[in-house]
Amino acid sequence: MTAMSGAVGAVADLPIRRAAASDADAIGDLWLAAWYATFPFPPAYPDEACRRWLAETLVPSTEAWVAVDGNGLPVALLALSETMVEQLYVDPAWIGRGLGSRLLTFAKTRRPAGLELYCFQVNVRARAFYERHGFRAVAMGDGSANAERQPDVRYAWRPVP
């Protein structure tokens with residue numbers, strides 16, 4: 001059980017706020033817990049390098065948001081660039097409770113002209129999730145363009161006029 005996994009309370013009641021530098025450790029815990037619970041392969045970089053990247057690059061260079069539990073600890077991370085969902089990770093204890101859907105809906109309000117994202121092909125659960133939310137596969141990759149060297153899929157969502 002991670003520090004974030006005290007999964008109590010209604011998802012609709014969880015505040016969503018901009019990620020702050022002070023969230024770095026909790027975001028690192030969340031991201032790594034979600035990664036290891038999801039993928040049969042490790043991240044391309046050691047855990048501490050991933051933590052550094054999240055704290056020093058991702059949060060400062062994207063529009064990063066966190067959903068926080070009753071203790072103020074992040075239980076989900078959403079990072080947006082101008083056109084992409086760069087990261088969407090939910091603490092494993094909170095998966096399947098609607099938090100990812102809430103964050104993806106929030107992302108659409110932040111980028112009403114449309115969004116794109118990448119997902120590893122092996123992540124069948126996430127692929128079904130994105131497709132349920134109106135994202136369509138627009139390209140399949142062989143893994144040569146990502147650090148993990150895992151086949152991926154590029155998804156796009158465009159609002160219906």
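Conventions we followed
Residues numbered from 1 in each chain as written. Predicted model: local features only at pLDDT ≥ 70, side-chain atom pairs only at ≥ 80, totals over all residues. Heavy atoms only, no water. Helix = DSSP H or I, 4+ residues; strand = E, 2+ residues; numbered from the N terminus. Phe/Tyr/Trp six-rings, centres within 6.5 Å; stacked < 30°, edge-to-face > 60°. Buried < 20%, exposed > 50% of the residue type's maximum accessible area, 1.4 Å probe, protein only. Core = buried A, V, L, I, M, F, W, Y, C linked by side-chain atoms within 4.5 Å. Contact = heavy atoms within 4.5 Å. Pairing = 2+ DSSP bridges. Axes fitted to C-alpha atoms, helices over the stretch in contact; angles between N-to-C directions. Parallel < 35°, antiparallel > 145°, perpendicular 65-115°, else oblique. Left-handed = near helix turned anticlockwise from the far one by under 90°. Nonpolar A, V, L, I, M, F, W, Y, C, P; charged D, E, K, R; others polar. Disulfide = S-S within 2.5 Å.

**Q** I keep staring at unusual backbone geometry and nothing clicks. Help me out?
**A** Negative phi values dominate among residues other than glycine, just as trans dominates among peptide bonds. The backbone of Arg-149 shows a phi angle near 60 degrees, a positive value even though the residue is not glycine. Here Arg-149 shows up in the loop between strand E6 (136-141) and strand E7 (152-157).

**Q** Can you help me understand the packing of aromatic side chains in this one?
**A** How two aromatic rings sit relative to each other is given by the distance of their centres and the angle of their planes. Scanning all chains against the criterion turns up 13 aromatic pairs. On the numbers, 5.4 Å between centres and 85 degrees between planes, the contact of Phe-41 with Phe-120 is edge-to-face. Highlighted residues: Phe-41 in the loop between helix H1 (24-38) and helix H2 (47-61) and Phe-120 in strand E5 (residues 115-120), separated in sequence by 79 residues. For Phe-41, a relative accessible area of 12% gives the class buried. With relative accessibility at 12%, the residue Phe-120 sits in the buried group.

**Q** Got a minute to help me understand the nonpolar core in this structure?
**A** Generally speaking, soluble globular proteins have nonpolar side chains that are buried together. Membership of the largest hydrophobic core comes to 26 residues, with the highest contact counts inside it found for Leu-78, Val-85, Leu-88, Leu-99, Tyr-130 and Phe-135. If you list the elements that add at least two residues to this core, you get strand E2 (63-68), strand E3 (74-80), strand E4 (85-90), helix H3 (99-110), E5, helix H4 (124-132) and E7. Contacts of Leu-88, omitting those with residues within four sequence positions, involve Leu-77, Leu-78, Gly-100, Leu-103, Leu-104, Phe-129 and Tyr-130.

**Q** I would appreciate a short explanation of the sheet that holds E2 in the present structure.
**A** By way of backbone hydrogen bonds, the strands of a sheet pair with one another, either parallel or antiparallel. Across the sheet, four strands lie side by side as E1-E2-E3-E4; this open sheet has antiparallel pairing. Two strands lie at the open edges of the sheet, namely strand E1 (16-18) and E4, each paired on one side alone. Across the sheet, the axes of successive neighbouring strands diverge by a mean angle of 20 degrees, strand direction being ignored. Bridge count between E3 and E4: five bridges; the pairing is antiparallel. Directly across from Leu-80, in E4, lies its bridge partner Val-85. Packing of H1 onto the sheet brings it into contact with E2, E3 and E4, and relative to E3 it is tilted by some 90 degrees. Here H3 sits on the sheet and contacts E1, E2, E3 and E4; the angle it forms with E3, its principal contact strand, is near 30 degrees.

**Q** What exactly am I supposed to notice about the packing of H1 against H2 here?
**A** Packed helices, taken two at a time, are described by the angle their axes make and the gap between the axes. Relative orientation of the contacting elements H1 and H2 amounts to 125 degrees, with a least axis distance of 9 Å. Judged by the angle between their axes, H1 and H2 are oblique. The handedness of the crossing between H1 and H2 comes out as right-handed. The residues of H2 that touch H1, namely those facing Ala-24, Asp-25, Ile-27, Gly-28, Asp-29, Trp-31, Leu-32 and Tyr-36, are Asp-47, Cys-50, Arg-51, Trp-53, Leu-54, Ala-55 and Val-59. Of the residues belonging to the contact of H1 with H2, the class tally is 10 nonpolar, one polar and four charged.

**Q** I keep staring at the state of the cysteines and nothing clicks. Help me out?
**A** Cysteine pairs can be linked by a disulfide, which is a covalent bond between their two sulfur atoms. Scanning the entire structure with this criterion turns up zero disulfides. Cys-50 takes part in no disulfide bond, and the closest cysteine sulfur to it belongs to Cys-119, at a distance of 17 Å.

Shape is all these values report; function is a separate question.
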